[in-house]
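Coordinate analysis (summary)
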Amino acid sequence: MPPSKKKSRAKEDSVITRYPTPFKENNLSDEKKIALIQKHFKEILTVLGLDLKDDSLANTPQRIAEMYVNEIFSGLNPKNFPDITLIEDKFTGDTSRVVTVKDIKLTSFCEHHFVPMEGIVTIAYIPNGQLIGLSKINRIVKFFASRPQVQERLTVQIADCLRQVLDTEHIAVFINAKHHCVSARGVNDDSSTTSTTSLAGDFQHNPVIRNEFFASL
Ligand SMILES: [Zn+2]
């Protein structure tokens with residue numbers, strides 16, 4: 001099947017969602033970002049009274065800087081948005097119209113405390129003439145999760161991105177996550193989780209389709 005011509009446009013649009021991460025472009029290269037974060041993290045550790053001459057700590061500022069830029073916050077850089085190839089939906093007319101991807105593993109970082117939130121994401125959509133490779137849905141989740149986040153924004157960013165990429169109004173996103181800022185500090189509640197849902201199109205207005213989605217969770 002030939003890839004859709006919408007590929008490049010989808011990539012461009014989908015990073016700029018209606019629900020942007022508060023972000024100010026500073027035009028620093030990745031290398032410069034790593035150098036600066038390393039320098040500042042060294043200061044934080046020194047202020048805490050840690051001895052950076054110790055073998056175990058000596059490379060911590062560099063490790064953190066590289067982890068921030070290349071891994072856990074790599075979704076702040078639009079160039080890291082995954083390549084999306086859409087394929088023609090040849091199954092139009094079939095009665096089972098809903099595509100669901102369940103239990104996508106989520107790891108993100110809370111922007112209030114910079115500690116992890118971990119959970120699962122379930123996504124469903126009704127195709128509008130084109131399908132997306134299923135692993136691409138996981139990659140879109142990973143892209144938006146690789147930012148300092150709040151779960152509510154993450155949920156709508158994923159939904160809005162898929163709405164644009166797939167050109168369909170019918171999108172459902174459900175996230176259930178445990179927040180380490182709740183479990184490992186503060187109230188130290190290790191059992192509570194937070195659920196957020198974004199429903200659009202038939203998932204919002206058609207009770208049968210909505211109920212099927214919630215039953216699938
Ligand atoms: Zn937090």
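Scroll up to find the structure this text is about.
Bear in mind the structure is a predicted one, so any value in this text is a computation, not a measurement. (Residues numbered from 1 in each chain as written. Predicted model: local features only at pLDDT ≥ 70, side-chain atom pairs only at ≥ 80, totals over all residues.)

1. Considering the overall build of the chain
Our working rule: Helix and strand labels come from DSSP, where a helix needs a run of H or I of at least four residues and a strand needs a run of E of at least two; each type is numbered from the N terminus. For the exposure call, what matters is how many other C-beta atoms sit within 10 Å of a residue's own: 20 or more marks it buried, 12 or fewer exposed, and in between partly exposed, using C-beta atoms placed from the backbone. Whether two residues are in contact is decided by their C-beta atoms, placed from the backbone, lying within 7 Å.
Per the secondary structure count, the chain includes nine helices and seven strands. Principal-axis analysis of the C-alpha atoms places the extent of the chain at approximately 65 × 40 × 25 Å. Relative to its full complement of 217 residues, the chain shows a buried share of 26%. The contacts of the chain with a sequence gap of at least 6 include a subset with a gap of at least 24, amounting to 71%.

2. What about the nonpolar core?
Note the following rule: We define a nonpolar core as a collection of buried residues of the types Ala, Val, Leu, Ile, Met, Phe, Trp, Tyr and Cys that are connected via C-beta atoms lying within 7 Å of each other.
Of all hydrophobic cores here, the largest spans 31 residues; its most connected members are Ile123, Val141, Ile158, Leu162 and Val173. Counting residues per element, the ones that place at least two in this core are β2 (99–110), β3 (116–125), α5 (134–145), α6 (151–166) and β6 (171–179). At seven residues, the largest contribution of residues to this core is made by α6. Among all residues touching Val173, those that are not within four sequence positions of it are Val121, Ile123, Thr155, Ile158, Ala159, Thr197 and Ser198.

3. Quick notes on the sheet that holds β6
Our working rule: Pairing between strands is defined by DSSP: at least two bridges between them are needed. Fitting a line to C-alpha atoms yields each axis, with helices limited to the stretch in contact; the angle taken between N-to-C directions then spans 0 to 180 degrees.
Pairing in this open sheet of five strands is mixed, and the strands run β5-β2-β3-β6-β7 from one edge to the other. The sheet is open, and its two edges are formed by β5 (148–149) and β7 (194–199), each paired on a single side. Strand direction decides the pairing type here: β6 and β7, joined by six bridges, are antiparallel. The residue of β7 that forms the bridge with Ile175 is Thr196. Where α5 meets the sheet, its contacts fall on β2, β3 and β5, and the angle it forms with β2 comes to roughly 20 degrees.

4. A word on unusual backbone geometry
A positive phi angle, near 55 degrees, is found at Asn27, a position not held by glycine. Residue placement: Asn27 occurs in the loop between α1 (7–15) and α2 (30–47). Residue Asn188 is not a glycine yet carries a positive backbone phi of 50 degrees. With respect to the helices, strands and loops of the structure, Asn188 is situated in the loop between α7 (180–183) and β7. Taking the C-beta count within 10 Å as the criterion, Asn188 has 8 such neighbours and is therefore assigned exposed.

5. Description of the environment of Arg18
Its place among the elements puts Arg18 in the loop between α1 and α2. Sequence separation of Arg18 and Val156 is 138 residues, and the distance between their C-alpha atoms is 8.7 Å.

6. Points about the packing of α5 against α6
Between two packed helices, both the angle of their axes relative to each other and the distance between the axes serve to describe the pair. Stated precisely, the cut-off is as follows: Roughly parallel covers angles under 35 degrees, roughly antiparallel covers those over 145, roughly perpendicular covers 65 to 115, and oblique covers all other angles. Note on convention: near helix rotated counterclockwise from far helix by under a right angle means a left-handed crossing. Clockwise means right-handed.
At a minimum axis separation of 10 Å, α5 and α6 run at an interaxial angle of 135 degrees. The pairing of α5 with α6 is recorded here as oblique in orientation. Judged by the sense of rotation from one axis to the other, the crossing of α5 with α6 is right-handed. Across the interface between the two elements, Ile140, Val141, Phe144 and Ala145 from α5 touch Leu154, Gln157, Ile158, Cys161 and Leu162 from α6.

7. Thoughts on the pairing of β3
With nine bridges joining them, β2 and β3 adopt antiparallel strand pairing. Directly across from Ser108, in β3, lies its bridge partner Met117. The turn joining β2 and β3, which pair antiparallel and follow one another in sequence, is formed by five residues; a positive phi near 55 degrees is taken by Phe114. Sheet analysis places β3 next to β6, joined by nine bridges and oriented antiparallel. Each residue of the ladder has a partner; that of Glu118, found in β6, is Lys178.

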